[in-house]
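Below, each chain spelled out in residue letters.
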Amino acid sequence: MEDTVESSPLAPVEEPVVAPPPVGDVVCRAPIGVPRRPRGAGATLCGNRPDRSGLLGPPQATYSTTEMHILKEIEATRRAVAAIRTAGETLALVPTMGKLHEGHLSLVRAARARCDRVAVTIFVNPTQFGPGEDLDAYPRSPDADLSLLRAEGVDLVFMPTVEAMYPAGVATRVRVPGISEVLCGAHRPGHFDGVATVVAKLLNILPADAAFFGEKDYQQLLIIKKMVADLNMPIEIVGCPLVREPDGLAMSSRNVRLSTEHRTQAVALSRALFAARDRVGEGITSTAELVREIRQEIESAGPCEIDYIEIVDPQDLSSIERVTDAARICLAVRIGDCRLIDNIAVTCATAL
């Protein structure tokens, strides 16, 4: 971390690379480093901080008042964050790998409801992909992503290069033992080391008040919470509900790679999870029985490769034999050339 930051909200920032707004897209936001107008009644800021909007004088010319700021350089991004801090504003961070969908946008909206400013990162992190995985095939749509974020009123987008995030000679990796070695970690060795490392780097580059992650990647959410707690990072990690398509399929950037046939087949994952949740509600507690029924439902939908179906403790992901309280059903299945993950919370009927 740097020992000093720019003290003035008018500190020059690298000229942002900004895509032109779409026709008819009008976005009005205060410049970074200048406080927003007072929020409406009931708005909650990160960390329950008082709303200090409007107390630092009239807007001043730092950035354009109508543009979202898109930065690629680390130091320029740090200066932008310093300007937000100098203005006494709170900052929310939404890390993504791009190819944004409604699930990502739900995180942005949750972030907007909690903090004065919202920053989004778009970075396809190579260190979380193993040999033979889909790094090169991972879907990317930067122009469409920026249009979506602009329409949501995002203030800052950090889009670094691989060379900026991992310059020559970088050797440090972050690992969260135990919780990162089960479920997806058992089938993708090193994956969560890459996730923890890049998130730690992003939290150092953009030290926000809160960072928002979806429960669709439930194991990832728990790993990041554990890392932040263990390393005493002064940031709140906020988990947000999984968002599904109308037919139940968990939203994922990889869904676009499913063929029409495989897209139809993939709905079996959520259908099996919903059925299992209902069975738990009816009093079935044997995880072996529940897993068997889930497997039958998924395999009956068509050819696939099941990496795992497990019912675990929602706090530490340890396997359980019976659902006697709250639990989480997690699964990973390969359909065609796409690996899909999903999960659902269940609670024993006697615990309700």
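Residues numbered from 1 in each chain as written. Predicted model: local features only at pLDDT ≥ 70, side-chain atom pairs only at ≥ 80, totals over all residues. Heavy atoms only, no water.

With that settled, the discussion passes to the packing of aromatic side chains. Counted according to the given criterion, the structure contains 2 aromatic pairs. Geometrically, the ring pair formed by Phe123 and Tyr166 is tilted, given 6.4 Å between the ring centres and 35° between the ring planes. Of this pair, Phe123 sits in the loop between β3 (117–122) and α3 (142–151) while Tyr166 sits in the loop between α4 (162–165) and α5 (184–187), placing them 43 residues apart in sequence. The exposure class of Tyr166 is buried, given its relative accessible area of 17%. On the basis of an interplanar angle of 75° and a centroid distance of 6.0 Å, the ring pair of Phe129 and Tyr138 is categorised as edge-to-face. Judged by its relative accessible area of 10%, Phe129 falls in the buried class. Directly above the ring of Tyr218 sits Arg328, whose terminal nitrogen or CZ lies 3.9 Å from the centroid. (Phe/Tyr/Trp six-rings, centres within 6.5 Å; stacked < 30°, edge-to-face > 60°. Helix = DSSP H or I, 4+ residues; strand = E, 2+ residues; numbered from the N terminus. Buried < 20%, exposed > 50% of the residue type's maximum accessible area, 1.4 Å probe, protein only. Lys NZ or Arg CZ within 6 Å of the ring centre and 35° of its normal.)

Once that is clear, we can look at the sheet that holds strand β7 (residues 305–312). In space, the 3 strands of this open sheet follow the order β7-β8-β9, with antiparallel pairing throughout. Only two strands of the sheet have a single partner each, and these edge strands are β7 and β9 (338–347). Between one strand axis and the next, the sheet turns through 10° on average, direction left out of account. With 7 bridges connecting them, β7 and strand β8 (residues 326–335) associate as antiparallel partners. Across the sheet, the residue bridging to Ile311 is Ile329, located in β8. Relative to β7, helix α9 (residues 287–299) is tilted by about 150°, and along the sheet it contacts β7 and β8. (Pairing = 2+ DSSP bridges. Axes fitted to C-alpha atoms, helices over the stretch in contact; angles between N-to-C directions. Contact = heavy atoms within 4.5 Å.)

One turn of an α-helix holds 3.6 residues; hence residues three or four places apart share an orientation. Its 13 residues give helix α7 (residues 218–230) an end-to-end C-alpha distance of 18 Å, which sits within 8% of 18 Å, the value for a rise of 1.5 Å per residue. Looking at α7, one finds that the buried residues are Tyr218, Gln219, Gln220, Leu221, Leu222, Ile223, Ile224, Met227 and Val228. The inward-facing, buried residues of α7 abut α5, α6 (191–205), β5 (210–214), β6 (236–240), β8 and β9. Of the residues one or two after α7, Asn232 is the one with positive phi, at around 55°. (Expected span 1.5 Å × (residues − 1).)

So, about the pattern of salt bridges. Between side chains of opposite charge, a pair can form as their charged atoms come close. This model, assessed by the stated rule, comprises 24 salt bridges. Residues Glu152 and Arg109 are paired through a salt bridge, measuring 2.8 Å at the closest nitrogen-oxygen approach. With Glu152 in the loop between α3 and β4 (156–158) and Arg109 in helix α2 (residues 102–114), this residue pair connects regions lying 43 residues apart in the sequence. Under the relative-accessibility criterion, Arg109 is labelled partly exposed at 36%. The residue Arg254 makes a salt bridge to Asp134 at a minimum N-O spacing of 2.8 Å. Of the two residues, Arg254 is situated in the loop between β6 and α8 (260–281) and Asp134 in the loop between β3 and α3; the sequence distance between them amounts to 120 residues. Residue class for Arg254 comes out buried when judged on its relative accessible area of 16%. For Asp134, a relative accessible area of 14% translates into the label buried. Three or more residues joined by partner-sharing salt bridges are found here, namely Glu89, Arg112, Arg117 and Asp155. (Salt bridge = Lys/Arg side-chain N within 4 Å of Asp/Glu carboxyl O.)

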